[in-house]
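# Chain and residue survey
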Amino acid sequence: MKPRIRLRGFLLSQHAHSVALRPLVRSQRRHASSSSPEPPTSSSQPRWLRLTLITATAVGIGAYLRWTQESRSGSTTLNPASFTPYYLVSREPVSSTGSLFTLKPPGQDGNNLEVYNGAWKTGIWSVMFKQPQLQIGRDYTPLPSTSSDGDDGCLRFFIRKDRFGEVSRYLHSLKIGAAVEVRGPRIECEIPSDTQTVLFIAGGTGIAPALQAGHTLLRRTDQTNKPRIHILWANRRLEDCTGGLSDNVDTAAKTQTSWFSRIFRSSKPVITPAPSDVQDKTKSSLIVRELEALKAQYPEQFTVEYFVDEENRFIGKKSILDFAQTATSSSEARKRNLILISGPEGFISYMAGPKLWAQGMELQGPLQGVIKELGLKDWAVWKL
């Protein structure tokens with residue numbers, strides 16, 4: 001759920017995409033104008049007008065200064081109450097439309113690591129980035145750390161540049177060393193401690209929370225507990241998952257229709273390109289390397305299947321059902337099986353039905369779509 005949160009200095013409205021941060025000065029100005037007295041006489045109007053302008057200006061400046069002090073405070077620890085300035089240290093292209101961002105906190109006192117660890121132990125989490133010019137924010141999911149020492153405090157994000165996304169375009173325009181205001185963490189989904197199997201259905205950048213789920217679940221591995229996660233990752237273009245080889249080659253998905261095509265009823269035929277040559281790891285995309293690294297660490301507990309629209313390979317019912325039936329038959333009694341879906345709104349709606357907004361909160365909504373049609377039993381479903 002994403003409740004509306006009121007903070008000192010501005011009103012935060014958390015939506016599925018961009019979130020408006022409305023400065024307090026607006027409400028102050030509305031109050032000033034709405035509480036104006038009856039029109040004064042012509043002789044007193046200039047003085048009244050000057051006083052009104054001075055008062056409104058003072059209120060506006062005060063609100064702005066309070067907001068600036070709050071959002072740019074000296075705090076070096078990530079927290080959900082105020083924005084902390086992080087700094088962009090690298091931006092590596094993943095494809096022509098997406099990049100891997102690395103942000104560094106202003107200090108390395110170890111407090112941020114405690115915040116991160118608490119979130120990692122719980123489940124899938126996100127932080128909010130603020131676009132300061134438009135005063136809007138958007139939630140992004142950190143990728144698991146690959147730091148050898150693990151104490152640099154940096155956060156990494158897979159962010160696609162959307163021509164309609166104000167925050168993503170702003171982030172892609174920043175220069176190295178630029179400050180980025182970050183707030184969080186916010187738990188998106190708790191992964192219960194008794195979870196044994198996760199089937200993660202990811203579309204596009206939805207692979208980021210899938211990597212999170214894998215990191216959180218598999219770090220619970222011990223001699224008696226070996227949880228498993230299987231990821232179905234759909235992309236429109238091959239460049240996003242170049243070098244990725246499915247663990248289950250027989251996806252039986254070529255007869256399926258793309259979720260994107262079904263939603264928009266495209267009349268254009270899908271052209272199947274020639275089979276791509278197998279590429280070595282040096283040519284694999286950065287995200288594929290992240291997946292392969294986790295697979296190498298947990299070879300029998302972490303598996304991935306890749307689907308590409310432009311190659312006419314889509315996530316179908318058989319791909320979901322085959323794994324779900326295998327996992328259910330092999331899982332122990334009293335163990336929890338969990339299906340997670342993440343990606344664009346249309347992708348989530350097609351797979352499990354849309355999420356809903358009610359009274360300022362985002363709700364899961366009824367289960368619909370492909371998952372409902374399969375009639376899976378003993379599986380909990382969560383839309384991210």
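Everything numeric here is computed off the predicted structure, so don't read it as measured data.

### Overview of the sheet that holds strand E12 (residues 228–235)
One open sheet accounts for five strands, arranged E13-E12-E11-E14-E17; its pairing is parallel. Each having just a single partner strand, strand E13 (302–308) and strand E17 (380–383) make up the two edges of the open sheet. If you compare each strand with its neighbour and ignore which way they point, the axes differ by 15° on average. When E12 meets E13, the two strands line up parallel, connected through seven bridges. From the neighbouring strand, His230 faces E13, where its bridge partner is Thr303. Contacts between helix H7 (residues 286–297) and the sheet are confined to E12 and E13, with E13 contributing the most and set at about 155° to the helix. Taken strand by strand, helix H9 (residues 345–352) contacts strand E11 (195–203), E12, strand E14 (336–342) and E17, and its axis lies near 140° from that of E14.

### Quick word on the UniProt feature "binding site: FAD" (unreviewed entry) in the protein chain
Look at the UniProt record and you will see "binding site: FAD" (unreviewed entry) annotated at Arg138, Tyr140, Val167 and Ser168. On the basis of their most widely separated C-alpha atoms, the annotated residues across 31 residues gather in one place, lying no more than 10.4 Å apart. Here Tyr140 lies in strand E7 (residues 136–140). Beyond its immediate chain neighbours, meaning those up to four positions away, Tyr140 contacts Ser126, Val127, Phe129, Phe157, Ile159, Val167, Ser168 and Leu171.

### Quick look at the nonpolar core
By size, the foremost hydrophobic cluster in this structure holds 34 residues, and its most contacted members are Phe200, Ile229, Ile231, Trp233, Leu291, Phe302 and Leu340. Where this core is concerned, the elements lending two or more residues are E11, helix H5 (207–218), E12, H7, E13 and E14. Counting residues per element, this core draws most heavily on H5, at seven residues. For this core, the two domains that each supply at least three residues are domain 1 (84–188) and domain 2 (191–247 + 283–383). Once residues lying within four places of it in the same chain are set aside, the contact partners of Trp233 are Ala202, Gly204, Ile207, Asp240, Cys241, Ile287, Val288, Leu291, Glu305, Tyr306, Phe307 and Ile315. Residues Leu78, Tyr140, Phe157 and Val180 belong to the second largest nonpolar core, which totals 23 residues.

The rules behind these values
- Residues numbered from 1 in each chain as written.
- Predicted model: local features only at pLDDT ≥ 70, side-chain atom pairs only at ≥ 80, totals over all residues.
- Heavy atoms only, no water.
- Pairing = 2+ DSSP bridges.
- Helix = DSSP H or I, 4+ residues; strand = E, 2+ residues; numbered from the N terminus.
- Axes fitted to C-alpha atoms, helices over the stretch in contact; angles between N-to-C directions.
- Contact = heavy atoms within 4.5 Å.
- UniProt positions renumbered as here; feature names shortened; annotations may be inferred.
- Core = buried A, V, L, I, M, F, W, Y, C linked by side-chain atoms within 4.5 Å.
- Buried < 20%, exposed > 50% of the residue type's maximum accessible area, 1.4 Å probe, protein only.
- Domains from an automatic or database assignment.

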